[in-house]
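# Descriptive analysis of the structure
Chain by chain, the residues:
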Amino acid sequence: MTTINCYLNFEGTCEAAFNFYKSVFGGEFMYVGRYKDMPSPEHPIPDAWKDKIMHMSLPISKEVVLMGSDMSEELGYKLTVGDNISLSVSTDKEDEAKRIFNGLAEGGTITMPLEKTFWAPLFGMLTDKFGINWLVSFEQS
């Protein structure tokens, strides 16, 4: 089976973001690696970044894993927060769609309320408090 996993980059807030996502989706982290855990980094890691996240993963279902890391120009990466990233979450349970939408909207901005559309019984869009865009839908089976 082929799956597509979402990878998110943050400027030092990966751990906070993933703790937030864990509070919405549940589950346990599969992996949490910090820059200081790298065996032999190619480039020296600035002290301020040693405890930042090199890689983190949170299973959302059997097929999907949300992954992320902290990036910065100090580490050689230019990051634009929210740069054309949208993650789509679909569920076949109306209550679950509402729970996820409301959880992700906490502290964020709703760009389209969760409502009936011509393509789905419920669909909504939001940007969470970390600048990540989400599409949430309920699709009856």
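None of the values given here were measured: they were computed from a predicted structure. (Residues numbered from 1 in each chain as written. Predicted model: local features only at pLDDT ≥ 70, side-chain atom pairs only at ≥ 80, totals over all residues. Heavy atoms only, no water.)

The strand order β1-β4-β3-β2 describes an open sheet built from four strands, whose pairing is mixed. Each end of this open sheet is capped by a strand with a single partner; those strands are β1 (6-10) and β2 (31-34). Ignoring which end each strand starts from, the neighbouring axes of this sheet average 15° apart. Note that β2 and strand β3 (residues 53-59) share four bridges and pair antiparallel. Bridge assignment links Arg-34 to a residue of β3, and that residue is Ile-53. The strands touched by helix α1 (residues 14-25) are β1, β2, β3 and β4 (65-70); relative to β3, the strand with the most contacts, the crossing angle is about 5°. (Pairing = 2+ DSSP bridges. Helix = DSSP H or I, 4+ residues; strand = E, 2+ residues; numbered from the N terminus. Axes fitted to C-alpha atoms, helices over the stretch in contact; angles between N-to-C directions. Contact = heavy atoms within 4.5 Å.)

Right, let's get into the environment of Glu-15. Structurally, the position occupied by Glu-15 is in helix α1. In this structure Glu-15 comes out as partly exposed when scored by relative accessible area, which is 32%. With 55 residues separating them along the chain, Glu-15 and Asp-70 place their C-alpha atoms 8.4 Å apart. (Buried < 20%, exposed > 50% of the residue type's maximum accessible area, 1.4 Å probe, protein only.)

Further remarks concern the side chain of Arg-34. On the secondary structure map, Arg-34 appears in strand β2. A polar atom in the side chain of Arg-34 sits 2.8 Å from the side chain of Glu-15. Those residues in contact with Arg-34 that sit more than four places away from it in its chain are Glu-15, Lys-50, Asp-51, Lys-52, Ile-53 and Met-54. (Polar contact = N/O pair within 3.5 Å; in protein donor to acceptor, adjacent residues only side chain to side chain.)

A separate point is helix α2 (residues 94-105). Helical periodicity: at 3.6 residues per turn, an α-helix aligns residues three or four positions apart in one direction. The end-to-end C-alpha separation of α2 is 16 Å, in line with the 16 Å expected for twelve residues at 1.5 Å each. Of all the residues in α2, the buried ones are Ala-97, Ile-100, Phe-101, Gly-103, Leu-104 and Ala-105. Those residues of α2 that are buried lie in contact with α1, β5 (86-91), β6 (109-115), β7 (122-127) and β8 (133-138). Among the residues trailing α2, Gly-107 stands out with phi positive, at a value near 80°. (Expected span 1.5 Å × (residues − 1).)

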